[in-house]
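This is what each chain is made of:
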Amino acid sequence: MAELQGKVVLVTGAGAGIGRETARALARKGAHVLAAARSQERVQPLLDELARDGHSAEALVMDLASLKSVRSAAESVAAKHPRLHALVNNAGIWSGKRTVTADGYEHTWAVNVLAPFLLTELLLEPLRSAKGRVVNVSSREHENGRMNWADLQHEKGFGARKVYQQSKLALTMLTNELARREEGRLTANSLHPGIIATELFRNFPGFIRFWINLLMRTPEDGAQPQIKLASAPEFESVTGRYYRRFKETKPHELVLDKAAAARLWDICREHTCKA
Ligand SMILES: NC(=O)c1ccc[n+]([C@@H]2O[C@H](COP(=O)([O-])OP(=O)(O)OC[C@H]3O[C@@H](n4cnc5c(N)ncnc54)[C@H](OP(=O)(O)O)[C@@H]3O)[C@@H](O)[C@H]2O)c1
């Protein structure tokens, strides 16, 4: 029997890059994959390929920049799948300039932090029922991040890198806070996938993209750490850890600061409560 037969996993950002490879690999291992993307068209080629090869997957259309969209997608998942064995919060952006979502949040904060926070909160019951695994795709960039508590939305000075770093720091802090709050009911870990040649760098100058594409790991290789955390038996009870690819690594000190993480949790609750 296939390794993940009978298991249901959700992967965000399944239409491209590392997320697409993660969704493909988990489906090939036998899981039923909920392939989340902004549009059906984005994941249809993957769904067609998986169906042709006898694997099981369905599209989950969800715009992570919209809290309403996240809520409606999560509710449909919870109604249809009482047990969710893994949630891979993979989707993320590196934004070149400051834009604001329809909900009024800076885009990176909305997609990289609020969306995975809300999605996870709304899927807690199916995750608990399966003693599921939450895998949050962070970045090594978080290790140099700073929480700008006074201006989390970067209204007074936007820098693409610092905004990305803060978003990944926040996601890593939330991962450990979730691990603490849900100890014994589910697991939550975060990781840095490596430097991977994907569309994440679409806003970078052409010559940098040229070298990235030439020298960096492929998306298939980049997906391996999250595939492992989401499915390998040896990670069944591992929780509250951060990995640089496969190596457990000490995260940013704020990730281990319970008061800071609880403060951030409350802020995210407040930012998402009107969804
Ligand atoms: N590549 C690297 O070197 C690297 C390093 C460290 C961490 N990471 C992290 O790895 C994760 C995957 O990134 P990637 O490298 O595979 O980049 P990517 O190819 O740009 O993939 C990002 C995915 O996120 C999705 N996404 C973006 N905004 C969305 C929205 N509003 N609603 C729904 N989906 C949305 C994209 O969908 P569309 O296809 O529709 O745009 C895409 O599927 C990200 O969290 C990234 O921060 C990557």
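In case you missed it, the structure is sitting above this.
A brief report on the enclosed structure follows.

1. As for the site of the ligand
- Neighbouring the ligand are 26 residues; Gly13, Gly17, Ala91, Gly92 and Thr198 lie closest to it.
- Looking at which element gives the most residues to the shell around the ligand, the answer is helix H1 (residues 17-28), with three residues.
- When the residues that make up the shell around the ligand are grouped by side-chain class, the tally is 13 nonpolar, nine polar and four charged.

2. Quick notes on the sheet that holds strand S6 (residues 187-192)
- Pairing is mixed in the open sheet, where eight strands are placed in the order S3-S2-S1-S4-S5-S6-S7-S8. Single-partner strands in this sheet number two, and they are strand S3 (56-61) and strand S8 (247-248).
- Here strand S7 (residues 242-244) runs beside S8; their pairing, made up of two bridges, is antiparallel. Its bridge partner being in S8, Tyr243 is matched across the sheet by Glu248.
- Where helix H2 (residues 40-52) meets the sheet, it contacts strand S2 (32-37) and S3, and its direction lies at approximately 175 degrees from that of S3.
- Against the sheet, helix H9 (residues 224-231) makes contact with strand S1 (8-12), strand S4 (86-89), strand S5 (133-137), S6 and S7, and its axis sits at roughly 165 degrees relative to S5, the strand it touches most.

3. Focus on the nonpolar core
- Ranked by size, the top nonpolar core spans 79 residues in total, and within it Leu26 and Ala35 carry the most contacts.
- What Leu26 contacts, discounting residues up to four positions off in sequence, is Leu4, Val9, Val11, Ala31, Val33, Ile227, Ala230 and Ser231.

4. So, the environment of Gln166
- Relative to the assigned elements, Gln166 resides in helix H6 (residues 160-181).
- Here Gln166 falls in the buried class, since 24 other C-beta atoms lie within 10 Å of it.
- Taking C-alpha positions, Gln166 is 8.5 Å from Trp109, a pair spaced 57 residues apart along the chain.
- Excluding residues that lie within four positions of it along the chain, Gln166 makes contacts with Gly145, Arg146, Met147 and Asn148.

5. Let's talk about the pairing of S3
- Where S2 meets S3, six bridges bridge the pair, whose relative direction is parallel. Paired with Val33 across the bridge in S3 is Ala57.
- In this fold, the crossover linking S2 to S3 by way of H2 has right-handed handedness.

6. Some points on helix H3 (residues 67-80)
- The end-to-end C-alpha distance of H3, which contains 14 residues, comes to 20 Å, matching closely the 20 Å that a straight helix rising 1.5 Å per residue would cover.
- When H3 is considered as a whole, its buried residues turn out to be Leu67, Val70, Ala73, Ala74 and Val77. Buried positions in H3, seen along its axis, are confined to an arc of 130 degrees and lie on one side of it. Exposed and oriented more than 90 degrees from the buried face of H3 are Lys68, Glu75, Ala79 and Lys80.
- Check the buried side of H3 and you find it contacts S1, S2, S3, helix H4 (107-122) and helix H10 (258-272).

7. Thoughts on the environment of Glu253
- Examined against the element boundaries, Glu253 turns out to sit in the loop between S8 and H10.
- Here Glu253 falls in the exposed class, since 9 other C-beta atoms lie within 10 Å of it.

8. Here's the deal with H9
- Where burial is concerned, most of H9 is hidden: six out of the eight residues are buried.
- Within the span of H9, buried status applies to Pro225, Gln226, Ile227, Leu229, Ala230 and Ser231.
- Along its buried surface, H9 packs onto S1, H1, S4, S5, S6 and S7.

Cut-offs and rules
- Residues numbered from 1 in each chain as written.
- Predicted model: local features only at pLDDT ≥ 70, side-chain atom pairs only at ≥ 80, totals over all residues.
- Near = placed C-beta within 6 Å.
- Helix = DSSP H or I, 4+ residues; strand = E, 2+ residues; numbered from the N terminus.
- Nonpolar A, V, L, I, M, F, W, Y, C, P; charged D, E, K, R; others polar.
- Pairing = 2+ DSSP bridges.
- Contact = placed C-beta atoms within 7 Å.
- Axes fitted to C-alpha atoms, helices over the stretch in contact; angles between N-to-C directions.
- Core = buried A, V, L, I, M, F, W, Y, C linked by C-beta atoms within 7 Å.
- Buried ≥ 20, exposed ≤ 12 C-beta atoms within 10 Å, placed from the backbone.
- Right-handed = clockwise from strand over helix to strand, strands pointing away.
- Expected span 1.5 Å × (residues − 1).
- Arc of directions from axis to C-beta.

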